[in-house]
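Fold and geometry: a report
Now for the letters of each chain:
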Amino acid sequence: MKFLLLFNLLIGGFQSRAFAQKLVSSDRFLLKIVDRAISFQDISFQLRNLKALNCIYSDALVVTYFERSFISELDSFVKNFPLTDDEIIKYMHSHSEVLKKLRYFFKMLRYTEDQNKKVTNELSQLIREGARENNCQKKILHKDSLKTNFKNLIEMELYLRSRYESQMKGNKRNFDVIRPSIDLFVDSLDKQLVHEYFW
């Protein structure tokens, strides 16, 4: 009986240790905007979201503004991200342009979250249908709605459309007409919202 009890404790202890090892994941904060820290995982989620947005809406203003090349740059940044502190610091310094775009992106995301451009149930359903029809990333979907961080990206898209799309109507949807205005908006946000990199 004592042997059986000891055996169960050993097996139980081993299983709980193995279970704990599976649950443990590491994340690293790379950037702080105002009072919100942005982690590597946040960046990975938004990369997934940008890919999905690009797949669902080929004319998404967010993707057009940051350019499709930003998605591939970010993909490479995430895939090659090192593990040790010393390597991470060097890596971040060598990818300052990607980090600058990320800073702009997360500042826009932060700003547009407060602008009450809420994603309606009808829009959620249209996005879900678009994701299915275009065979896009299903990880943005949550039960009968959308993942919260993807909704935040859609709120940014809605904000840009409400503020700038009317300027493109007479110009055959030429994005270059509105790019300078968005540049000014982003520059203003960059000055207003303080940031800090975690080198």
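Our structure is the block above this text.
Because the structure is a prediction, the values reported are computed rather than measured. (Residues numbered from 1 in each chain as written. Predicted model: local features only at pLDDT ≥ 70, side-chain atom pairs only at ≥ 80, totals over all residues. Heavy atoms only, no water.)

Observations regarding the nonpolar core
- Core analysis: the biggest nonpolar cluster contains 58 residues, and Leu50, Val62, Leu74, Phe77, Leu102, Phe105 and Phe150 have the highest contact counts within it.
- Look past the residues within four positions of Val62 in its chain and what remains in contact with it is Leu50, Leu53, Phe105, Leu153, Met156, Glu157 and Leu160. (Core = buried A, V, L, I, M, F, W, Y, C linked by side-chain atoms within 4.5 Å. Buried < 20%, exposed > 50% of the residue type's maximum accessible area, 1.4 Å probe, protein only. Contact = heavy atoms within 4.5 Å.)

Focus: the sheet that holds strand β1 (residues 29-33)
- Sheet architecture is open: three strands sit in the order β2-β1-β5, paired in antiparallel fashion. The outermost strands of the open sheet, each flanked by one partner alone, are β2 (36-39) and β5 (195-197). Pairs of neighbouring strands in the sheet enclose a mean axial angle of 20 degrees, with direction left out of account.
- One ladder, built from three bridges, connects β1 with β5; its direction is antiparallel. The residue of β5 that forms the bridge with Leu31 is Tyr197.
- Of the strands in this sheet, β1, β2 and β5 touch helix α6 (residues 96-113), which is tilted by about 50 degrees from β1. (Pairing = 2+ DSSP bridges. Helix = DSSP H or I, 4+ residues; strand = E, 2+ residues; numbered from the N terminus. Axes fitted to C-alpha atoms, helices over the stretch in contact; angles between N-to-C directions.)

As for helix α5 (residues 85-94)
- Along α5, the positions that sit buried rather than exposed are Ile88, Tyr91 and Met92. When α5 is viewed along its axis, its buried side chains cluster within an angular range of 95 degrees and face the same direction. Pointing more than 90 degrees away from the buried face of α5 are the exposed residues Asp86, Lys90 and Ser94.
- Close packing links the buried residues of α5 with β1, α4 (68-79) and α6. (Arc of directions from axis to C-beta.)

Thoughts on the pairing of β1
- Of the pairings in the sheet, the one linking β1 to β2 comprises four bridges and is antiparallel in character. Bridge pairing in β2 places Phe29 opposite Ser39.
- Between β1 and β2, which follow one another and run antiparallel, lie two residues, and Val34 among them has a positive phi close to 55 degrees.

Side note on the packing of helix α2 (residues 40-56) against helix α8 (residues 148-168)
- With their axes 10 Å apart at the nearest point, α2 and α8 run at an angle of 55 degrees to one another. Here α8 runs oblique to α2, going by the angle between their axes. Crossing of α2 against α8: the hand is right-handed. When α2 is examined against α8, the residues Phe45, Gln46, Arg48, Asn49, Leu50, Ala52, Leu53 and Ile56 are found in contact with a partner set consisting of Asn149, Phe150, Leu153, Ile154 and Glu157.
- Its residues placed into classes, the contact of α2 with α8 shows eight nonpolar, three polar and two charged. (Parallel < 35°, antiparallel > 145°, perpendicular 65-115°, else oblique. Left-handed = near helix turned anticlockwise from the far one by under 90°. Nonpolar A, V, L, I, M, F, W, Y, C, P; charged D, E, K, R; others polar.)

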